[in-house]
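Chain by chain, the residues run as shown.
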Amino acid sequence: MIVILFILIVVVFWTALCYSKYKKWHIRMKKCTRLVHGLVIEVKERKPIRGSGMLYKPIFMVRDENGETKIESAYYSNLISLSVNSKVDLLVDPDDYNTFIYADRSLNKGLPADIICCCLPIVFLVGILLLS
């Protein structure tokens, strides 16, 4: 009985987590409608708190009818590595340019990472149930 209760709590927790990740990407894809052409002007680096390697945070300069705007990625990540002077098309939220997704969907590596993050615990739990 305790095992079933524990599994139920874990499933509810992961469902809530996965829903919040889905909602984050759904809102971004819905709000980010303005296409702008960006140029990477700087890539900030930092070491992760745990583990090895580096985390990167690109900073873009975009030019539109309102002039030039500097866009800074909200997060450091090791999922995407852009170099200075790389040209990148971004879909931005017209009300907040710092909310953006890459126009080239293959660069939005946070989406598949979030999907994998949600699926692995479910696969793990199903595996435990099948083995027991």
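What you are looking at is a predicted structure, and each value in this text was computed from that prediction instead of being measured. (Residues numbered from 1 in each chain as written. Predicted model: local features only at pLDDT ≥ 70, side-chain atom pairs only at ≥ 80, totals over all residues. Heavy atoms only, no water.)

(A) Fine view of a nonpolar patch on the surface. A surface patch of nonpolar side chains, amounting to about 390 Å² of accessible area, comprises Leu-5, Leu-8, Ile-9 and Val-12. Looking at where Ile-9 falls in the secondary structure, it is placed in helix H1 (residues 2-31). (Patch = residues over 30% accessible without salt bridge, like charges linked within 9 Å, V, L, I, M, F, W, Y side chains within 5 Å. Areas by Shrake-Rupley, 256 points an atom, 1.4 Å probe, with all protein chains shown as cover. Salt bridge = Lys/Arg side-chain N within 4 Å of Asp/Glu carboxyl O. Helix = DSSP H or I, 4+ residues; strand = E, 2+ residues; numbered from the N terminus.)

(B) Examining the pairing of strand E2 (residues 55-64) more closely. Where burial is concerned, most of E2 is hidden: seven out of the ten residues are buried. Sheet topology note: the strand E1 (residues 34-46)/E2 ladder contains eight bridges and is antiparallel. Across the sheet, the residue bridging to Val-40 is Phe-60, located in E2. Here E2 runs beside strand E3 (residues 67-72); their pairing, made up of six bridges, is antiparallel. Residue pairing in the sheet places Met-61 in a bridge with Lys-70 of E3. Connecting the antiparallel pair E2 and E3 is a turn made up of two residues. (Buried < 20%, exposed > 50% of the residue type's maximum accessible area, 1.4 Å probe, protein only. Pairing = 2+ DSSP bridges.)

(C) Fine view of the environment of Leu-79. Along the chain, Leu-79 falls in the loop between E3 and strand E4 (87-93). Classification of Leu-79 as partly exposed rests on a relative accessible area of 39%. C-alpha separation for the pair Leu-79 and Tyr-56, spaced 23 residues apart in sequence, amounts to 8.5 Å. Once residues within four sequence positions are removed from consideration, Leu-79 is found in contact with Lys-109, Gly-110 and Ala-113. (Contact = heavy atoms within 4.5 Å.)

(D) Examining the packing of H1 against helix H2 (residues 110-131) more closely. Close contact between H1 and H2 brings their axes to 10 Å; oriented N to C, the two are set at 165°. In terms of orientation, H1 and H2 fall into the roughly antiparallel class. In the crossing of H1 with H2, the sense of the turn from one axis to the other is left-handed. The segment H1 lies against H2, with Ile-7, Val-10, Val-11, Trp-14, Cys-18, Lys-21, Lys-24, Trp-25 and Met-29 engaging Gly-110, Leu-111, Asp-114, Cys-117, Cys-118, Pro-121, Ile-122, Leu-125 and Leu-129. (Axes fitted to C-alpha atoms, helices over the stretch in contact; angles between N-to-C directions. Parallel < 35°, antiparallel > 145°, perpendicular 65-115°, else oblique. Left-handed = near helix turned anticlockwise from the far one by under 90°.)

(E) The arrangement of the nonpolar core in detail. Residues Phe-60, Ile-71, Leu-90 and Tyr-102 are the most contacted members of the largest nonpolar core, which totals 13 residues. When sequence neighbours within four positions are dropped, the list of residues in contact with Ile-71 reads Pro-58, Ile-59, Phe-60, Val-62, Leu-90, Val-92, Tyr-97, Asn-98 and Phe-100. (Core = buried A, V, L, I, M, F, W, Y, C linked by side-chain atoms within 4.5 Å.)

(F) Representation of the environment of Ser-81 in the model. The topology assignment puts Ser-81 in the loop between E3 and E4. Residues Ser-81 and Val-43 lie 38 residues apart in sequence; the distance between their C-alpha atoms is 8.7 Å.

(G) How the structure looks around H2. Over its 22 residues, H2 extends 32 Å from the first C-alpha to the last, a length consistent with the 32 Å expected when each residue adds 1.5 Å. Residues of H2 that are buried include every one of Asp-114, Cys-118, Pro-121 and Leu-125, and no others. Those residues of H2 that are buried are in contact with H1. (Expected span 1.5 Å × (residues − 1).)

(H) Expanded view of the pattern of salt bridges. Across all of its chains, the model carries four salt bridges by this definition. In this structure, Lys-44 engages Glu-72 in a salt bridge whose closest nitrogen and oxygen atoms are separated by 3.2 Å. With Lys-44 in strand E1 and Glu-72 in strand E3, this pair connects stretches of sequence that are 28 residues apart. Owing to a relative accessible area of 27%, Lys-44 belongs among the partly exposed residues under this scheme. Among the charged side chains, a network of salt bridges with common partners joins Lys-44, Lys-57 and Glu-72.

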